Amino acid sequence: MAAAITPVSIFHGGVERALDTARVQAGAPAVDFLPCNFHQVPRLLCEHVGVDTLLVMAAPMDADGNFSLGVSTDYVHAVAHRAARVLLEVNPNMPRVRGQCQVPLSRVTAVVEHASPLAELPQAPRTPADQAIGRIIAGLTADGACLQMGIGALPDAVCAELAHHRHLGIHTEMMPNGLAALIQSGAVDNSRKQTHAGVSIFTFALGDRALYAFLDDNPGVEAYPVSYVNDPCVIARNDNVLSVNATMQVDLSGACNSEFMGGRQYSGIGGQVDFVRGAYASRGGKSIIACHSTAAGGTVSRICLDLSGPVTTARTDIHMVATEFGCVQLKGLSLDARARALIGIAHPDFREDLERGAGSAASSPAPTSPPGRAERDRFRSITGSSRLLKMLLRHCGQAPVTPEQAGVLGESASFVMGARAQESGRSLQSHKSHAKRVCDLPRARCHATPKRLAERFCGVAAQPGRAITAGTRAEHRAWRRFRHKITPTDFYRSVCIPDRPCRTAVRDMGRRFYSKKSAPGAPG
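Residues numbered from 1 in each chain as written. Predicted model: local features only at pLDDT ≥ 70, side-chain atom pairs only at ≥ 80, totals over all residues. Heavy atoms only, no water.

**Q** So what about the overall build of the protein chain? Which residues, and what values?
**A** Counting its regular elements, the protein chain contains 21 helices and 25 strands. Looking at the protein chain as a whole, 50% of its 524 residues qualify as buried. A separation threshold of at least 6 residues defines the contact pool for the protein chain, and within that pool the share at least 24 residues apart is 69%. Accessible area of the protein chain: about 24400 Å², with a carbon and sulfur share of 53%. (Helix = DSSP H or I, 4+ residues; strand = E, 2+ residues; numbered from the N terminus. Buried < 20%, exposed > 50% of the residue type's maximum accessible area, 1.4 Å probe, protein only. Contact = heavy atoms within 4.5 Å. Areas by Shrake-Rupley, 256 points an atom, 1.4 Å probe, with all protein chains shown as cover.)

Structure, rendered in structure tokens:
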């Protein structure tokens, strides 16, 4: 049974990371990941994935015949009303939470009663950096703001610094210990919220036993499905929303990687994008991405030139970024101004390197217009064909190339496509030298390496074969069958596919379109 189940994660946490390690050690693939913004997960599961059986923990049934989902309403509520089978583990330790978080008895297939302690998240110790960021964000927060906090020591530090504020409200994805403490201290009364006035709203809770006891049958706290709580349009209905979320990396344009570390999925997208957009759409709202300036014991800067993983929150969505060295507002800033602002809040030990890297990137000339007639004639001397030349310019024109790369690309394509080089008797190295001399394109530099260019072209160069060949159906089939076997290394070294049928097809295409007879150096 276990072998037939493929574990898939929507949010990669400590449990999933531990399972990754165990599965890899057992020779099984790691837990797969399904990327999705949190407020869209109910629709994703109900419409696209399809859930046959739901297993979930719930509080004991109330007098009306309903089971409260307690600390886990999120996407479970929607799935419980759509799944073919709903299996409930009824736990007396699960708090009965008010709001739109009930499953009626009529939807339940089977019930198992089992008393067990709920999973708890111990409070992480706060560092001086956490406390500094907390003070910075608290200084940006006005009385009456509507709060959303993420998970960890940093959001807890922000909550601790907000204890002296008044008339705060809560509309949050997660209810942590820090927000519950603000409610109990009197800083939160939800009196200035435009939606659910007087009530704190959340979709799931994670903390210690005291938090769960606080939530149990509390009329001032309600849980709603994540499709409602995290909907950016719903978030924006409240004024002065303050959203605080953590990240792992921020590049100099403002884009954030909040989920990928060490070459693997480390966390998840969660509701970060939902609240970044919803908070900024709120009247007077602020969306703050917060992080320590360094990681790995101070050896790595979190403000970086390039992200080491996917973009979780795009640079177009980022509003403000905070570290222990300050907070910068990126909306309305150009790329150059963003880079200067972010370097200003990076750790001082890394600022010089960041400035050097930013200056190097800025000094690279932007792509210019395609080459004129003279440059085309020079390039034609390498490719030996006007039609192949157009194909090359069309596909590589979007990324400027160096003369050497253009020469290698043109020459490699001429060999792979069976084109005739200008001086067919030369060796491959001689062709490269000749290409470097004659191919003086105005697009002089780019960050693409020959390997990267080859990787791009080994897939692209095969496509024109279908358009330019007028050969038989057998040649078409041979080309489509074998073109995927061109590796970047083979392409870069001008080594054609080792299979004879494809080599023959390529050679014949070259003969038919680029020369009267195949060049001596061409494959075949």
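**Q** Tell me what's going on with the sheet that holds strand 23 (residues 303-304), and back it up with residues and numbers.
**A** Strand order across the open sheet formed by three strands is 17-16-23, with mixed pairing between neighbours. The open sheet terminates on both sides in strands that have one partner only, identified here as strand 17 (256-257) and strand 23. Pairing of strand 16 (residues 249-251) with strand 17 involves two bridges; the strand directions are antiparallel. Residue pairing for strand 17: Val-250 is matched across the bridge by Cys-256. (Pairing = 2+ DSSP bridges.)

**Q** Describe in detail the environment of Thr-53, supporting the description with residues and values.
**A** Looking at the secondary structure, you find Thr-53 in strand 3 (residues 53-58). With relative accessibility at 30%, the residue Thr-53 sits in the partly exposed group. A C-alpha to C-alpha distance of 5.9 Å links Thr-53 and Val-86, two positions 33 residues apart in sequence. Among the polar contacts made by the side chain of Thr-53, one reaches the side chain of Asp-52 at a distance of 2.9 Å. (Polar contact = N/O pair within 3.5 Å; in protein donor to acceptor, adjacent residues only side chain to side chain.)

**Q** Explain the nonpolar core to me, using residue names and the numbers behind them.
**A** Among the nonpolar cores identified, the biggest contains 39 residues, and Leu-147, Met-149, Met-175 and Leu-215 are the most heavily contacted of them. Among the nonpolar cores identified, the runner-up in size contains 24 residues, and Cys-46, Leu-54, Val-103 and Val-226 belong to it. (Core = buried A, V, L, I, M, F, W, Y, C linked by side-chain atoms within 4.5 Å.)

**Q** So what's going on with the packing of helix 4 (residues 128-139) against helix 5 (residues 153-161)? Residues and values would help.
**A** In the contact formed by helix 4 and helix 5, the axes pass within 8 Å of each other and the chain directions differ by 50 degrees. In this view, helix 4 runs oblique relative to helix 5, as classed from their interaxial angle. Helix-helix and strand crossings are classified by hand; for helix 4 and helix 5 the assignment is right-handed. Contact residues: Asp-130, Gln-131, Ile-133, Gly-134, Arg-135, Ile-137 and Ala-138 in helix 4; Ala-153, Leu-154, Ala-157, Val-158 and Glu-161 in helix 5. (Axes fitted to C-alpha atoms, helices over the stretch in contact; angles between N-to-C directions. Parallel < 35°, antiparallel > 145°, perpendicular 65-115°, else oblique. Left-handed = near helix turned anticlockwise from the far one by under 90°.)

**Q** Describe in detail helix 1 (residues 14-25), supporting the description with residues and values.
**A** Over its 12 residues, helix 1 extends 17 Å from the first C-alpha to the last, a length consistent with the 16 Å expected when each residue adds 1.5 Å. Positive phi appears at Gly-27, one or two residues downstream of helix 1, with a value of about 85 degrees. (Expected span 1.5 Å × (residues − 1).)

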